[in-house]
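Listed here are the chains, written in short residue letters.
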Amino acid sequence: MVTRRRQGYATTSVAYPVFLITLEHAGLPIVWTFEISDRRNQSREIVEWVSSNRDARFVGFNNIGFDYPVLHLLLRAGHTDAMTLYQKAQQIISSQDGEGRWAHDVKPSDRLIEQIDLYRIHHFDNVARATSLKVIEFNQRAPKVMDLPFPVGSMLTPEQIDTLIEYNRYDVSQTKQFYHATVPMIRFREELTHKYNRDFMNHNDTKIGKDYFVMMLEQRGVSCYDYNPTTGRTPRQTKRHEIRLADAILPHIQFQQPEFQRVLNYLRAQTITETKGVLKDVTATIDGFDFIFGTGGIHGSVSNQCVESDDEFVIVDLDVSSYYPNLAIVNRFYPEHLGETFCDIYSSLYEQRKQHAKGTAENAMLKLALNGVYGDSNNRFSVFYDPLFTMQITLNGQLLLCMLVEWLLAIPDLSILQINTDGMTIRFLGADSSKVLIDLQIMGSHHRTEP
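What you are looking at is a predicted structure, and each value in this text was computed from that prediction instead of being measured. (Residues numbered from 1 in each chain as written. Predicted model: local features only at pLDDT ≥ 70, side-chain atom pairs only at ≥ 80, totals over all residues. Heavy atoms only, no water.)

Another aspect to go through is the overall build of the chain. For the chain, the count of helices and strands is 14 helices and 15 strands. Projecting the C-alpha coordinates of the chain onto the three principal axes gives extents of approximately 85 × 55 × 40 Å. The buried share among the 451 residues of the chain stands at 48%. Pairs at least 24 residues apart make up 63% of the contacts formed inside the chain by residues separated by at least 6 positions. Here the chain contributes 45 positive and 54 negative side-chain charges, whose respective centroids are spaced 6 Å apart. (Helix = DSSP H or I, 4+ residues; strand = E, 2+ residues; numbered from the N terminus. Buried < 20%, exposed > 50% of the residue type's maximum accessible area, 1.4 Å probe, protein only. Contact = heavy atoms within 4.5 Å. Lys, Arg positive; Asp, Glu negative; His and termini not counted. Charge placed at Lys NZ, Arg CZ, Asp CG, Glu CD.)

Right, dumping it as structure tokens:
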């Protein structure tokens, strides 16, 4: 069932506070609308309807964070008025910017009907990715995008309530369309939930990978959380007041190019207290090409040029497969509190992924497990938090690419067209293609045997 609700309240003698809930069958054009107001109180009918459909699932947009907690209050009470539900809604809204933003969430075990939240599955609950249903409607090329027809907190006349009902139904129809676009993601989560007997249903992609990695760590006896009977579980972490970058950079990294060596010497001399935005204007220029370094990775590109392959020159993209996971695996980088078993599990997951065909749930989940962990090493709420591990990955990642660049530039007539976090694009004489491939093979073997 696809759900949406609205409520209003304020100041005229001929108007009512109102709560509406509209539901539409996900596979059929069947719509139910219930109203709670002074003109019509269908709160008991709502409770009865939900009770008779307990085997269904409610699908919504931010329903876990907003719609369901309001509905849960009604379901627990059995009967209530619009003002009580409006006040609950306002409490949820006012808590969104503080530490209590999840305080009103109802635990899955306490929910009276299963919830599927498209907002969370698509990770729109992340501040950087936050997206409204109106933006979704625009992106779905909806025939119209309707805003709430009355200010929040308004009392509504009977005619206005009817207008709000139509608005609510349109919102639900658009949510239903977004649901159908999300069905493959939901099926993937169903497969994982069934196979591992663990609830993945409302996880975003990154959270799926991280939770699976935690599950593997715990199976190997690595404690990921501390448990307190009063405060509940808290993630184990390695917090650092400062980081000497020399402690993060592999000792065998050296350069012949003076520009690269200058950057390396500068980085090794730095001590930082945070891991975002601390490397600014760190650039090496070689043969007119700027290599721009940062705490997140390296980048650079030729500009104002159109470069094409021709009868003489070849253009090749070089990408490192699972670069960040393999940096941890090969060099035994790990969050200090999780120990070296972390690297063994990382390696095991990487090998497991090769055994599953692309397009399978296992392959997708293992890819998420491999890629999601690095980013969370700089998340102060995560069990993987260790900013030194973050810097080991990002600094060595870009410096090792620069070592490859230095070796490649020793080949006559070879140039770098662009470089990014996990690869680069090069241009070289077609007659030298076998030599370049042989050199890369030797370089790759050399890298793998470094301590």
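Right, picking up where we left off after that structure.
A separate point is the packing of helix H10 (residues 323-331) against helix H13 (residues 387-408). Two elements in contact, H10 and H13, have axes whose closest approach is 10 Å; the angle formed by their N-to-C orientations is 105 degrees. Viewed along their axes, H10 and H13 adopt a mutual orientation that is roughly perpendicular. Residues Tyr 323, Tyr 324, Leu 327 and Ala 328 of H10 pack against Phe 389, Ile 393, Thr 394, Asn 396, Gly 397, Leu 400 and Leu 401 of H13. Looking at side-chain class alone, the contact of H10 with H13 contains eight nonpolar, three polar and no charged residues. (Axes fitted to C-alpha atoms, helices over the stretch in contact; angles between N-to-C directions. Parallel < 35°, antiparallel > 145°, perpendicular 65-115°, else oblique. Nonpolar A, V, L, I, M, F, W, Y, C, P; charged D, E, K, R; others polar.)

Time to look at helix H7 (residues 205-219). The end-to-end C-alpha distance of H7 is 22 Å, a good match for the 21 Å that 15 residues give at a rise of 1.5 Å each. Within H7, the full set of buried residues consists of Ile 208, Gly 209, Lys 210, Asp 211, Tyr 212, Phe 213, Val 214, Met 215, Met 216 and Leu 217. Those residues of H7 hidden inside the fold are in contact with helix H6 (158-196), strand E6 (225-228), helix H11 (341-354) and helix H12 (361-376). Two or three places before Thr 206, at the start of H7, stands the capping residue Asn 204, its side-chain oxygen 3.1 Å from that residue's backbone nitrogen. (Expected span 1.5 Å × (residues − 1). Polar contact = N/O pair within 3.5 Å; in protein donor to acceptor, adjacent residues only side chain to side chain.)

With that settled, the discussion passes to the packing of aromatic side chains. Scanning all chains against the criterion turns up 20 aromatic pairs. Their ring planes at 85 degrees and their centres at 5.3 Å tell us that Phe 213 and Tyr 346 sit as a pair that is edge-to-face. You can see Phe 213 sitting in helix H7 and its partner Tyr 346 sitting in helix H11, a full 133 residues away along the chain. For the pair Phe 255 and Phe 260, a centre-to-centre distance of 5.2 Å together with 50 degrees between the ring planes defines the contact as tilted. The same class applies to Phe 255 and to Phe 260, which are both buried. Counting every residue linked through ring pairs, the aromatic cluster contains Phe 213, Phe 342, Tyr 346, Phe 384 and Phe 389. Taking NZ or CZ as reference, Arg 141 lies 5.8 Å from the ring centre of Phe 138, over its face. The ring centre of Phe 313 lies 3.8 Å from the NZ or CZ of Arg 427, which sits over that ring. (Phe/Tyr/Trp six-rings, centres within 6.5 Å; stacked < 30°, edge-to-face > 60°. Lys NZ or Arg CZ within 6 Å of the ring centre and 35° of its normal.)

A separate point is the sheet that holds strand E14 (residues 415-420). Spatial ordering of the open sheet is given by E12-E14-E15-E13, a layout of four strands whose pairing is antiparallel. Each end of this open sheet is capped by a strand with a single partner; those strands are strand E12 (300-301) and strand E13 (313-319). Sheet topology note: the E14/strand E15 (residues 423-429) ladder contains five bridges and is antiparallel. Bridging from a neighbouring strand, Ile 416 pairs with Ile 426 of E15. Docked against the sheet, H13 engages E13, E14 and E15, running at close to 0 degrees with respect to E15. (Pairing = 2+ DSSP bridges.)

All right, on to the environment of Thr 84 then. As for its placement among the helices and strands, Thr 84 is situated in helix H3 (residues 82-94). Among the residues examined, Thr 84 registers a relative accessible area of 31% and is labelled partly exposed. When the C-alpha positions of Thr 84 and Phe 19 are compared, they lie 9.7 Å apart, and in sequence the two are 65 residues distant. Within the structure, Thr 84 has its side chain in polar contact with the side chain of Asp 81 (distance 2.8 Å).

Okay, H6 next. Where H6 bends most, at Thr 182, the angle is about 55 degrees, and the proline Pro 184 comes one to four residues later. A positive backbone phi angle near 50 degrees is found at Asn 197, which sits one or two residues after H6. (Bend = angle between axes of the 7 residues up to and from the residue.)

The biggest cluster of nonpolar side chains holds 77 residues, and the ones touching the most others in it are Phe 291, Phe 293 and Met 424. The element that contributes the greatest number of residues to this core is H13, accounting for 13 residues. Leave out the neighbours within four places in its chain, and Phe 293 touches Phe 260, Val 263, Leu 279, Val 282, Thr 283, Ala 284, Ile 298, Gln 398, Leu 399 and Cys 402. The next biggest cluster of nonpolar side chains, apart from the first, holds 22 residues, and it includes Leu 23, Val 47, Val 50 and Ile 92. (Core = buried A, V, L, I, M, F, W, Y, C linked by side-chain atoms within 4.5 Å.)

Evaluated as defined, the whole model comprises 22 salt bridges. The network of salt bridges with shared partners includes Glu 35, Arg 39, Arg 40 and Asp 162. (Salt bridge = Lys/Arg side-chain N within 4 Å of Asp/Glu carboxyl O.)

On the surface, a cluster of negative charge is made up of Glu 308, Asp 310, Asp 311, Glu 312 and Asp 413. Considering the arrangement of structural elements, one finds Asp 311 in the loop between E12 and E13. On the basis of relative accessibility, which here comes to 88%, the residue Asp 311 falls in the exposed class. (Patch = residues over 30% accessible without salt bridge, like charges linked within 9 Å, V, L, I, M, F, W, Y side chains within 5 Å. Areas by Shrake-Rupley, 256 points an atom, 1.4 Å probe, with all protein chains shown as cover.)

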